[in-house]
Amino acid sequence: MSVEDKERLEAELKSRVLQTMNGLEELGEFFKVTLKNFGYRYIESESTGEVIPFWADKKTLLIEVKEGQLANALKTDNPNTRKGLIDLAKSFSKKDKPEVRYQLGVKILNVNSQGGGEFQVFAETHWDFPNFQDSEKKNSLSRDIVYEDSLDLRNNFARILEDVCGVL
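Residues numbered from 1 in each chain as written. Predicted model: local features only at pLDDT ≥ 70, side-chain atom pairs only at ≥ 80, totals over all residues. Heavy atoms only, no water.

A separate point is unusual backbone geometry. Between F129 and the following residue, P130, the backbone shows a cis peptide bond with an omega angle of 5°. Take P130: it is sitting in the loop between β4 (115-126) and β5 (138-149). Positive phi, close to 50°, is recorded for K97, a residue that is not glycine. With a phi angle near 55°, F132 is a residue other than glycine that sits in the positive phi range. Mapped onto the secondary structure, F132 falls in the loop between β4 and β5. (Helix = DSSP H or I, 4+ residues; strand = E, 2+ residues; numbered from the N terminus.)

A separate point is the nonpolar core. What tends to happen in soluble globular proteins is that the nonpolar side chains get buried as a cluster. Counting 34 residues, the largest nonpolar core has F31, L104, F119 and F157 as its most contacted members. Elements with a minimum of two residues in this core: α2 (24-42), β2 (60-67), α3 (70-73), α4 (79-91), β3 (100-111), β4, β5 and α5 (150-164). Those residues within four positions of F31 in sequence are excluded, and the remaining contacts are L61, V106, I108, F119, L153 and F157. (Core = buried A, V, L, I, M, F, W, Y, C linked by side-chain atoms within 4.5 Å. Buried < 20%, exposed > 50% of the residue type's maximum accessible area, 1.4 Å probe, protein only. Contact = heavy atoms within 4.5 Å.)

For the rest of this paragraph, the subject is the confidence of the model for the protein. Low pLDDT marks stretches whose predicted atomic positions should not be read closely. Averaged over all residues, the pLDDT of the protein equals 90, while 92% of them reach at least 70. Mean pLDDT values for the elements of the protein range from 68 in helix α1 (residues 3-20) up to 97 in β2. (pLDDT = per-residue confidence, 0-100.)

Before going further, it helps to examine the side chain of D149. Structurally, the position occupied by D149 is in strand β5. Side-chain polar atoms of D149 contact the backbone nitrogen of D152, separated by 2.8 Å. (Polar contact = N/O pair within 3.5 Å; in protein donor to acceptor, adjacent residues only side chain to side chain.)

This is the structure we're talking about:
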């Protein structure tokens, strides 16, 4: 393949991506698919069932799941999350059925005409069973990101999502 052919194909690909991901609805579908894939990889278990992203509000797409099998939750590689989950396991008996709450999501702050914009990506493991209100009993991470266009977003969004999933 010649250099000219390669450049032409890259330009066509960029043009197609920019055309297909230029609205809020299209971005929402992209985020849903990507969050679902990461939810499957990091959160989903036999006890949680399939994770399904939903719109928590007009601009926040979220996966929220409660894991009732602490053995599944304790598979985390994050030392802070693991310590909190061990504390949870010590604080309740099995008959109390303690749960861990996971959240993974993206908040759309601003969208530009090329399908890029400003977004906040976040993940959280919360072990303040049963109320999930104590901010000391959670491990969370969020990243504010800006993309020029939908091609930039498509090529780099998963990398940021992978980073915040480190708290799960």
